[in-house]
Amino acid sequence: MRSNLVRAMLASHGGPRINSLLRRHGPAALDRLLASMRPGELAALDEQAGTLGAAHVGAVLIGDPAYPRTLAESPDAPSALFHLGPIELLGGPVLAVCGSNAPGDGELIAAHAAAQIAADTGMAVVSGDPGGVGGAAGPTAVRRGGAPGGVLAEPLRAPSPAQLGSSRNPGRLGWASQFPPGRPCARDCAVACNATVAGLSTALVAVAAASTGGTLDAAQRALAAGKPVLAVGDTPGSRLLVDHGATPARDRIELAWWLDRLRSDHQALAGVRSAAG
């Protein structure tokens, strides 16, 4: 049996066929495909997996019990996630915080408030960007004792000392990516990342969304999946999201009430699932 990192390297290149195979039969189904590979190809996968493992990168595949359940329910769920830190933290309630790469003071205040309230109510906080609004949310969640994480639109590389320290802390999640080493970054990576952020989220906060771009895309995907979306700010994208079912937020009190209600709803749903299982 090969390691999950080797399986993930294969799965991440496999497309819809591999995704379907994993959903039906679980990660062990890939072992037969690996056994049929040429020795040189398998050695290359082993080498890449060894490099990732040495950097404390793990992997989880769809069909594995550790794969985030909310994401697995999405038709856009990637076959594999590479991650730094405990991926199990994304199995509970997750708040996605999305916004501008160059936020103003008001947008940063909204990101800090969302992350603080989410951490205080027991929600993990993720974003699709290590900078901007998403970059502001993560450190705030850490300071409040929460679990921050980022979903990257590029492959995971050797972590920085700060990222490595976060990944070794059992209460923290570092970074996740669906892209294997060597995958060139392109626009389709950003679009796929938006889909993963939306799929992971229990709910999404869109801070000052523009009329186009990643924040709007992720929020629209979350709305299409029937997930709660909070639109912060009076911008063209925020108004468009409200027109399509998002809830407008005018102040911190509304934000806190909205997030606390979300956490309660998620706990109730988890109880129903646990009783059914």
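For every chain, the first residue of its written sequence is number 1, and the numbers climb from 1 along that sequence. Confidence filtering applies because this is a predicted model: local features only for residues at pLDDT of at least 70, side-chain atom pairs given and counted only at 80 or more, and all residues used for totals across whole chains, interfaces and linings. Hydrogen atoms and water are omitted, and side-chain values are computed over all heavy atoms in the structure.

Draft legend 1. Representation of the overall build of the protein in the model. Every helix listed is a DSSP run of H or I at least four residues long, and every strand listed is a run of E at least two residues long, numbered separately from the N terminus. Helix and strand counts for the protein stand at twelve helices and nine strands. To sort residues, take the accessible area from a 1.4 Å probe on protein chains only and compare it with the maximum for the residue type: under 20% means buried, over 50% means exposed, and anything in between is partly exposed. Evaluated residue by residue, the protein yields a buried proportion of 50% over its 277 residues. Contacts in the protein between residues at least 24 apart in sequence constitute 71% of all its contacts with a sequence separation of at least 6. The method behind every accessible area is Shrake-Rupley, applied with a 1.4 Å probe, and residues are considered shielded solely by the protein chains displayed. When the accessible area of the protein is evaluated, it comes to approximately 12500 Å², of which 56% is carbon and sulfur surface. Every residue pair with non-hydrogen atoms within 4.5 Å of one another is taken to be in contact.

Draft legend 2. How the structure looks around the environment of A210. Considering the arrangement of structural elements, one finds A210 in the loop between β7 (203-207) and α10 (214-224). Between the C-alpha atom of A210 and that of G99, which follows or precedes it by 111 residues, the distance is 8.6 Å. Those residues in contact with A210, other than ones at most four positions away along the chain, are L216 and G237.

Draft legend 3. Region of interest: the nonpolar core. Here, the term nonpolar core denotes a set of buried Ala, Val, Leu, Ile, Met, Phe, Trp, Tyr and Cys residues that are joined through side-chain atoms within 4.5 Å. Judged by nonpolar contacts, the single largest core of 57 residues is most densely connected at L30, F82, L204 and L241. Per-element tally for this core: the top contributor is helix α1 (residues 4-11), with six residues. Core analysis: the second largest hydrophobic core is formed by 26 residues, L95, A111, A115 and A141 among them.

Draft legend 4. Representation of the packing of helix α9 (residues 187-200) against α10 in the model. Interaxial angles span 0 to 180 degrees and are taken between N-to-C directions of axes, which are lines fitted to C-alpha atoms, for helices over the stretch in contact. Relative orientation of the contacting elements α9 and α10 amounts to 45°, with a least axis distance of 8 Å. It follows that α9 is oblique to α10 by the angle criterion. You can see that α9 and α10 cross each other, and the crossing is right-handed. Here α9 contributes V191, N194, A195 and A198 to the contact with α10, which in turn contributes G214, D217, A218, R221 and A222. Three classes are used, and their members are as follows: Ala, Val, Leu, Ile, Met, Phe, Trp, Tyr, Cys and Pro are nonpolar, Asp, Glu, Lys and Arg are charged, and the others, Gly among them, are polar. Class assignment of the residues belonging to the contact of α9 with α10 gives a composition of five nonpolar, two polar and two charged. Note on angle classes: values under 35 degrees are labelled roughly parallel, values over 145 roughly antiparallel, values of 65 to 115 roughly perpendicular, and the remainder oblique. Crossings are sorted by hand: turned counterclockwise from the far helix by less than a right angle, the near helix makes the crossing left-handed, and turned clockwise it makes it right-handed.

Draft legend 5. A look at the side chain of Q178. Mapped onto the elements, Q178 comes out in the loop between β6 (175-177) and α9. Within 3.5 Å is the distance limit for a polar contact, defined as a pair of N or O atoms, with the added protein rule that one can donate a hydrogen and the other accept it, and that residues adjacent in sequence qualify only through two side-chain atoms. A polar contact of 2.4 Å, which involves the side chain of Q178, links it to the side chain of T196. In this view, Q178 contacts S12, P78, A80, L81, F82, A192, C193 and T196; residues no more than four positions away in its chain are not counted.

Draft legend 6. Structural detail: α9. Between the first and last residue of a helix there are one fewer steps than residues, each counted as 1.5 Å, and that sum is the expected span. In this model α9 runs 20 Å from its N-terminal to its C-terminal C-alpha over 14 residues, within 8% of the 20 Å that 1.5 Å per residue would give. Buried residues in α9 make contact with α5 (69-72), β2 (80-84), β3 (94-99), β4 (124-127), β5 (148-152) and α10.

Draft legend 7. Structural context of unusual backbone geometry. One non-glycine residue with positive phi stands out, namely H56, at about 65°. If you trace the backbone, H56 turns up in the loop between α4 (39-54) and β1 (57-61). We note that A208 has phi near 50°; this positive angle belongs to a residue other than glycine. With respect to the helices and strands, A208 occurs in the loop between β7 and α10.

Draft legend 8. How the structure looks around the pairing of β3. The buried count for β3 comes to six of six residues, which makes it a mostly enclosed element. A two-sided burial pattern is seen for β3, the buried positions comprising V94, A96 and C98 on one face and L95, V97 and G99 on the other. If DSSP finds at least two bridges between two strands, the strands pair. With three bridges joining them, β3 and β4 adopt parallel strand pairing. Considered in β4, the bridge of V94 is made with A124.

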